Amino acid sequence: MESRTNLARRRWVQSLMSLALGGIVGVRAAEEAQPLRFGIQPFRTAEVLLTLHKGLLDTLAQALGRPLRFSTRPTYDAYTKALLAGEFDLAIMPPHVAVWLATRGDWELEAKYEVRLSALLVARDTPPLADPEALRGRRIALGDPDSIVSLVARETLDRLGLVPQRDFTLVLTASHGASMQALANGSVDYAIVANTVYGQFRAKYPSLYAVPFGPDVPHLMAGARRSLPEALRTRFRAALLSFHETEAGRRFFTETGYRRFVPLTEADFAEMAPFLPILDRRYVYSQGPSR
């Protein structure tokens, strides 16, 4: 028969174990109640981005069983730095930044938009001509210089032999949306923007016309920090890939022109490889040696 001393000791140990288990459960419950920080690159204003992605955010929150807290940053540079600093748990990112972060091991890429991303030269009233003489002496709006579309556009301008502020006036704006607005308002002669942003403006401004301005590349990519639980990352991927089947998804893809989310391929990584040294120089080598 168990002695009173042993019985008391066993009950004391069981009580401690119950308290410990209760504490672990409580911590997990508290973590699961915390919103997941969801970032979207600043290709439009924060207000427009939130309105545009509300259906996606609501669908993902339901699929993940966690609230989502949306935010962005005022520039692509600030957004990239926030991604590096771990200020987002989930994010929609420029393709070159997404692949760069994935190769560093910080992020796992879950999906991309199916439509290809391309730079368009946009004009009012008549289709523009993408040749040096037509652009010389003009005012051309270009969004954030760190965007993939701006990088492609600058390569095209170099190939045409056009030097900003010598052969034409380059008007830098905060985003593709701001460039389109400047063109619509008559502040500039041309704008160079992403094809999907142009499509989003075209219904409101039918007098705008566009022609391709450089090669196309993979579109925006969605990723999750590798520090998140694998089960949550798996649910996130599944929710993205099936989003087009929902009513919210159908509305979203009709409005944005992104078609749907699809898996990434090795070709996507290969296409972005030439841009990775630019990001290394900007965010790694420029920091100098640590003290």
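That block above? That's the structure.
This one's a predicted model, so the numbers in the text were calculated from it and none came from an experiment.

**A look at the sheet that holds strand β7 (residues 169-172)**
Phase 1 of the analysis: An order of β7-β6-β8-β5-β9 is seen for the 5 strands of this open sheet, with the pairing classed as mixed. On the outer flanks of this sheet lie β7 and β9 (208-212), each paired with one strand and no other. Taken pair by pair, the neighbouring strands of this sheet meet at an average axis angle of 30 degrees, ignoring direction.
Phase 2 of the analysis: Contacts between helix α7 (residues 176-184) and the sheet are confined to β5 (119-124), β6 (139-142), β8 (190-194) and β9, with β8 contributing the most and set at about 150 degrees to the helix.

**Considering helix α6 (residues 148-159)**
The periodicity of an α-helix, 3.6 residues per turn, causes residues three or four places apart in sequence to face the same way.
Phase 1 of the analysis: In this model α6 runs 17 Å from its N-terminal to its C-terminal C-alpha over 12 residues, within 8% of the 16 Å that 1.5 Å per residue would give.
Phase 2 of the analysis: Taken as a whole, α6 has its buried residues at Ile148, Val149, Ser150, Leu151, Val152, Ala153, Thr156 and Leu157.
Phase 3 of the analysis: Buried residues along α6 sit against α4 (95-104), β5, β6, α7, β8 and α11 (266-272).

**Description of the packing of aromatic side chains**
Phase 1 of the analysis: Here the structure, examined in full by the defined rule, presents 13 aromatic pairs.
Phase 2 of the analysis: With centroids separated by 6.5 Å and ring planes inclined at 80 degrees, the aromatic side chains of tyrosine 113 and phenylalanine 253 adopt a geometry described as edge-to-face. Within this pair, whereas tyrosine 113 is found in strand β4 (residues 107-113), its partner phenylalanine 253 is found in helix α10 (residues 247-256), the two being separated by 140 residues in sequence. As far as the burial class goes, tyrosine 113 and phenylalanine 253 line up, both buried.

**Describing the sheet that holds strand β1 (residues 36-40)**
Phase 1 of the analysis: Overall, mixed pairing links the 6 strands, which are arranged β2-β1-β3-β10-β4-β11 in an open sheet. In this open sheet, the two edge strands, each paired with only one partner strand, are β2 (68-71) and β11 (261-262).
Phase 2 of the analysis: Running at roughly 145 degrees to strand β3 (residues 90-93), helix α3 (residues 76-84) makes contact with β1, β3, β4 and β10 (221-225) of the sheet.
Phase 3 of the analysis: Relative to the sheet, helix α9 (residues 230-241) contacts β1, β3, β4, β10 and β11, its axis offset from that of β4 by approximately 5 degrees.

**Side note on the pattern of salt bridges**
A side chain of one charge can pair with a side chain of the opposite charge if their charged atoms are brought near each other.
Phase 1 of the analysis: Taken as a whole, this structure holds 20 salt bridges when the rule is applied.
Phase 2 of the analysis: As a salt-bridge pair, arginine 116 and aspartate 216 come within 3.2 Å of each other at their nearest N and O atoms. On the criterion of sequence distance, the pair formed by arginine 116 in the loop between β4 and β5 and aspartate 216 in the loop between β9 and β10 is long-range, its members being 100 residues apart.
Phase 3 of the analysis: The partly exposed category is assigned to arginine 116, whose relative accessible area is 30%.
Phase 4 of the analysis: Note that arginine 136 and aspartate 167 form a salt bridge whose closest N and O atoms lie 3.3 Å from each other. Of this pair, arginine 136 sits in the loop between α5 (132-135) and β6 while aspartate 167 sits in the loop between α6 and β7, and the two are 31 residues apart along the sequence.
Phase 5 of the analysis: Each of the salt bridges in this network shares a partner with another, and the network as a whole consists of Glu108, Glu110, Arg226, Arg233 and Arg237.

Cut-offs and rules
Residues numbered from 1 in each chain as written. Predicted model: local features only at pLDDT ≥ 70, side-chain atom pairs only at ≥ 80, totals over all residues. Heavy atoms only, no water. Pairing = 2+ DSSP bridges. Helix = DSSP H or I, 4+ residues; strand = E, 2+ residues; numbered from the N terminus. Axes fitted to C-alpha atoms, helices over the stretch in contact; angles between N-to-C directions. Contact = heavy atoms within 4.5 Å. Expected span 1.5 Å × (residues − 1). Buried < 20%, exposed > 50% of the residue type's maximum accessible area, 1.4 Å probe, protein only. Phe/Tyr/Trp six-rings, centres within 6.5 Å; stacked < 30°, edge-to-face > 60°. Salt bridge = Lys/Arg side-chain N within 4 Å of Asp/Glu carboxyl O.

Geometry only, nothing functional implied.
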